[in-house]
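A closer look at the structure
Read off the chains here:
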Amino acid sequence: MKIVIDGFGGDNAPDEVLKGTALAVKDLGIEVAVTGDIETLKQRMEALGISDNGIELVAAQGVITTEDNPRSILKANAGTSMGVALNMLSRGEVDAFISAGSTAAIVLGGTMIEKRIKGVKRTALVPLMPADGGVKYAVIDGGANLDCRPEMLLQFAILGSCFMETTMGIKNPRVGLLNIGTEEEKGRELEHETKKLLEKAPINFVGYVEAREAPLGAVDVLVTDGFTGNVFLKACEGMGVLMKNSMKSIFFANLKTKLGALLVKKNLKGVLKHLDYKEIGGSPLLGTAKPVFKAHGSSDAKAFFGAFCQAKSFVENNAIEKMTKAIASIVPEEAAEDE
């Protein structure tokens, strides 16, 4: 298996990208292509003591930034580290793509360069979030589509369910629709119409779910539009940071609390590890015809390694093939692509 990674995408590129790549080659038994300025990559690999065994350096010029127009990935910035990597995936030279670069460019490039699964209306980002009991749940859409129609959310639910089953190993995943309440009359027309579709879909739909229920383990897949989903995610991230900071202030308040911290150090590490996004690594862009993964912009080597783990599992479990069949099972008018 060969995976391509954008060598200059993210806040900590290229050093953390290269270190994460070296870990993946060593521990996962895969080959990796790294795109970017070859001379710079060679110099950093030498400085970091990284062998080129299993690593191919692919020439690219420049980086597409968050300030650039995302559509420039198609032409003006097609030769950048991200553009070259996406085109390698499109040509079938690699099995999966990873980047910590511009989210908008990845979504547009993954959709327009790689194309969508037949019948998919919109691609969607699917970040994994920590839940009570040491498990994870998927949020779809995490921010790729700010305005959605009911039929789009139906497809998101099917794609998310398939992802959690094939890649995360959850049998018959519970799918919930994010809403401001569980009562039938609660919510907007979007939620009401989507619920009607999900009740007939070939998934384990459990109904409306309030935001506070998801982190407590109510669902395996939380479906919503990209605007609401992104607000939900940012709020959860903020609460996670608040909890970590609060725990630190409690345990380091005085000598007694420091002694207490030593007694629960092992358990505390387990909790913090579960809340750490670096343990997850990346968010797949579901709906693309080939595997596309978005790593967190501030990813370090550990986070990039996590993204490689996800991508490898995604490919090995034939997730795209299973998603293609799942989308094809929907009634024709709902599965038809937008004109």
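Preceding this paragraph is the structure being described.
In short, a report on the structure. Please read all numbers here as calculations on a predicted model, not as lab measurements.

Focus on the pairing of strand β11 (residues 282-286)
- Within β11, five of the five residues are buried, which leaves the element mostly enclosed by the surrounding structure.
- Taking every second residue as pointing to the same face, both faces of β11 are buried, with Gly282, Pro284 and Leu286 on one and Ser283 and Leu285 on the other.
- In this sheet, β11 lies alongside strand β5 (residues 124-125) in antiparallel orientation, the contact comprising two bridges. Within β11, the position partnered with alanine 124 by the bridge is leucine 286.
- Note: β11 against strand β12 (residues 292-295), three bridges, orientation antiparallel. Across the sheet, residue serine 283 finds its bridge partner in β12, namely lysine 294.
- Linking β11 to β12, which pair antiparallel, is a turn of five residues; within it glycine 287 sits at a positive phi near 110°.

What about the nonpolar core?
- Residues Ile98, Ile140, Val223, Phe308 and Met323 are the most contacted members of the largest nonpolar core, which totals 60 residues.
- With 10 residues, helix α5 (residues 150-166) is the single largest residue contributor to this core.

A few points about helix α3 (residues 81-90)
- Most of α3 sits inside the fold, with eight of its 10 residues counted as buried.
- Turning to α3, its buried residues are Ser81, Met82, Gly83, Val84, Ala85, Leu86, Met88 and Leu89.
- In the core, the buried residues of α3 are packed alongside β1 (2-6), β2 (31-36), β3 (55-59), β4 (96-99), α4 (103-112) and β12.
- A positive backbone phi angle near 80° is found at glycine 92, which sits one or two residues after α3.

Some remarks on the packing of aromatic side chains
- Enumeration over the complete set of coordinates arrives at two aromatic pairs.
- Seen in terms of ring centroids, phenylalanine 163 and phenylalanine 314 are 6.2 Å apart; in terms of plane orientation they differ by 40°. Their pairing is tilted. Residue phenylalanine 163 is located in helix α5, and its partner phenylalanine 314 is located in helix α10 (residues 301-316); the two are separated by 151 residues in the primary sequence. The burial state of phenylalanine 163 is the same as that of phenylalanine 314; both residues are buried.

Here we look at the packing of helix α1 (residues 15-28) against α10
- Between α1 and α10, the shortest axis-to-axis distance is 8 Å and the interhelical angle comes to 45°. Judged by the angle between their axes, α1 and α10 are oblique. When you trace α1 past α10, the crossing you get is right-handed. Contact with α1, carried on its side by Glu16, Val17, Lys19, Gly20, Thr21, Leu23, Ala24, Asp27 and Leu28, involves Ala301, Phe304, Phe305, Phe308, Cys309 and Lys312 of α10 and no other residues of that element.
- When its residues are assigned to classes, the contact of α1 with α10 shows nine nonpolar, two polar and four charged.

Reading the values: rules and limits
Residues numbered from 1 in each chain as written. Predicted model: local features only at pLDDT ≥ 70, side-chain atom pairs only at ≥ 80, totals over all residues. Heavy atoms only, no water. Buried < 20%, exposed > 50% of the residue type's maximum accessible area, 1.4 Å probe, protein only. Helix = DSSP H or I, 4+ residues; strand = E, 2+ residues; numbered from the N terminus. Pairing = 2+ DSSP bridges. Core = buried A, V, L, I, M, F, W, Y, C linked by side-chain atoms within 4.5 Å. Contact = heavy atoms within 4.5 Å. Phe/Tyr/Trp six-rings, centres within 6.5 Å; stacked < 30°, edge-to-face > 60°. Axes fitted to C-alpha atoms, helices over the stretch in contact; angles between N-to-C directions. Parallel < 35°, antiparallel > 145°, perpendicular 65-115°, else oblique. Left-handed = near helix turned anticlockwise from the far one by under 90°. Nonpolar A, V, L, I, M, F, W, Y, C, P; charged D, E, K, R; others polar.

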